[in-house]
Amino acid sequence: MFEAVLTDLRKTRGFTINEIRFNVLESEDRRRRLLGCIGIQIGPNTTYQEMEELILDYQKNNCGVVQPATECYTVEILSCWGDEAVRQTIERRQLSVPSGGNVFEVLLADLRKTGGFTDAEIRTNVLESPDRRRNLLKCLGISVDETTPYEQLGQLIINYQLQNCGAAVARPSATIELGLLPTTELVKVLEARGRTAVSTESRTAVEAEIASSGGNVLNETELMAVSRDSLTKILNNRNIAHTTSENKTQLIRKLLG
């Protein structure tokens, strides 16, 4: 049993942030016992937070782990996540990389503005892939494997950002003329809100459900459930210029201003 745990700790380079803060080392007594076992002196007045910092410092100095800094993401974490994933996110966000610039620093600066990855990026965009989710979580020091359910992977990223990225950023949204959307897409909007509906229901029933679940104000995640054709209709209705080469993410950005 001890050898199995040791083998896995070598892979994760120590206890993960998730294990320290919310799991096996959440207990103050567990933290005190672990620190005593690794020879770190603590007293009765050592605070709960100080014990966490002592464990993190020990692992940083002895386990070679990349620990999150005082912000939710770092250049090291993004480098660990991978060049391809970072460049795709930069492209999706339509960010400019200056000549000779560092793509990781460019994305990091924008992640600071948005308080981490957006809901749309996690659910329907650059973090939609289970492998992308697992890779990011491992870079964050959160232990997951092939058996971790897909939805849990996304929720772990959201939970991490809530804990480490500061106050939740208000989601940009837009008021939509529901008449521009077919019933099937209204059903998808409801699904994005966690509501259950079927396209065979009457239009009146679906619109009533929309009204009771937030109305016709749609955020980025809900707009991603809408087809590209419908997005162009909404933009045309508002006289917002767009091109045929722009993808859904770019159209939504224009709609949200």
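It should be emphasised that the depicted structure is a prediction, and the values quoted were computed from it without experimental measurement.

J.: I'd like a rundown of the packing of aromatic side chains, residues and numbers included.
T.: Following the criterion strictly, the structure yields three aromatic pairs and no others. Relative to Phe117, the ring of Tyr73 has its centre 5.3 Å away and its plane inclined at 80 degrees; by these criteria the two rings are edge-to-face. Taken together, the residues Tyr73 in the loop between helix H4 (48-62) and helix H5 (75-81) and Phe117 in the loop between helix H7 (103-114) and helix H8 (119-124) connect sequence positions 44 residues apart. Take Tyr73: its relative accessible area is 0%, and that puts it in the buried class. Classification of Phe117 by relative accessible area gives buried; the value is 3%. Where Trp81 meets Phe117, the ring centres are 5.2 Å apart and the plane angle is 70 degrees; that geometry is what we call edge-to-face. A residue pair is termed long-range when its members are at least 10 positions apart, and Trp81 in helix H5 and Phe117 in the loop between H7 and H8 qualify at 36 residues. What makes Trp81 buried here is its relative accessible area of 6%. Following the ring pairs from residue to residue traces out a cluster consisting of Tyr73, Trp81, Phe117 and Tyr160.

J.: So what about the layout of surface pockets? Which residues, and what values?
T.: The computed volume of the largest pocket comes to approximately 730 Å³. Every residue lining the largest pocket is counted, 22 residues in all, and those nearest its centre are Val5, Leu9, Phe15, Leu25 and Leu34. Broken down by secondary-structure element, the contributors of at least two residues to the lining of the largest pocket are helix H1 (2-12), helix H3 (28-37) and H4. The leading source of residues in the lining of the largest pocket is H1, at five residues. A breakdown of the residues in the lining of the largest pocket according to their chemical character gives 14 nonpolar, three polar and five charged.

J.: Hey, could you go over helix H11 (residues 183-192) for me, with residue numbers and the actual values?
T.: What sets the pattern is the α-helix's 3.6 residues per turn: residues three or four places apart point alike. Residues of H11 that are buried: Thr183, Glu185, Leu186, Val187, Val189 and Leu190. Contacts made by the buried residues of H11 are with helix H12 (203-212), strand E2 (217-219), helix H13 (220-223) and helix H14 (228-237).

J.: Describe the state of the cysteines, listing the residues and the values that go with them.
T.: Summed over all chains, the structure comprises two disulfides. Covalently, Cys72 is tied to Cys165 through a disulfide, its sulfur atoms 2.4 Å apart. Disulfide Cys72-Cys165: torsion about the S-S bond near 115 degrees, hence right-handed. Here Cys72 is found in the loop between H4 and H5, whereas its partner Cys165 is found in the loop between helix H10 (150-164) and strand E1 (173-175), with 93 residues between them in sequence. Accessibility expressed as a relative area gives 8% for Cys72, which makes it buried. Given a relative accessible area of 15%, Cys165 falls into the buried group.

Calculation criteria
Residues numbered from 1 in each chain as written. Predicted model: local features only at pLDDT ≥ 70, side-chain atom pairs only at ≥ 80, totals over all residues. Heavy atoms only, no water. Phe/Tyr/Trp six-rings, centres within 6.5 Å; stacked < 30°, edge-to-face > 60°. Helix = DSSP H or I, 4+ residues; strand = E, 2+ residues; numbered from the N terminus. Buried < 20%, exposed > 50% of the residue type's maximum accessible area, 1.4 Å probe, protein only. 1 Å grid on protein atoms, 1.4 Å probe; cavity = no way out; pocket = protein on both sides within 12 Å on 5 of 7 lines; lining within 4 Å. Points joined across faces, edges and corners; volume = space filled by probe spheres on them. Nonpolar A, V, L, I, M, F, W, Y, C, P; charged D, E, K, R; others polar. Contact = heavy atoms within 4.5 Å. Disulfide = S-S within 2.5 Å.

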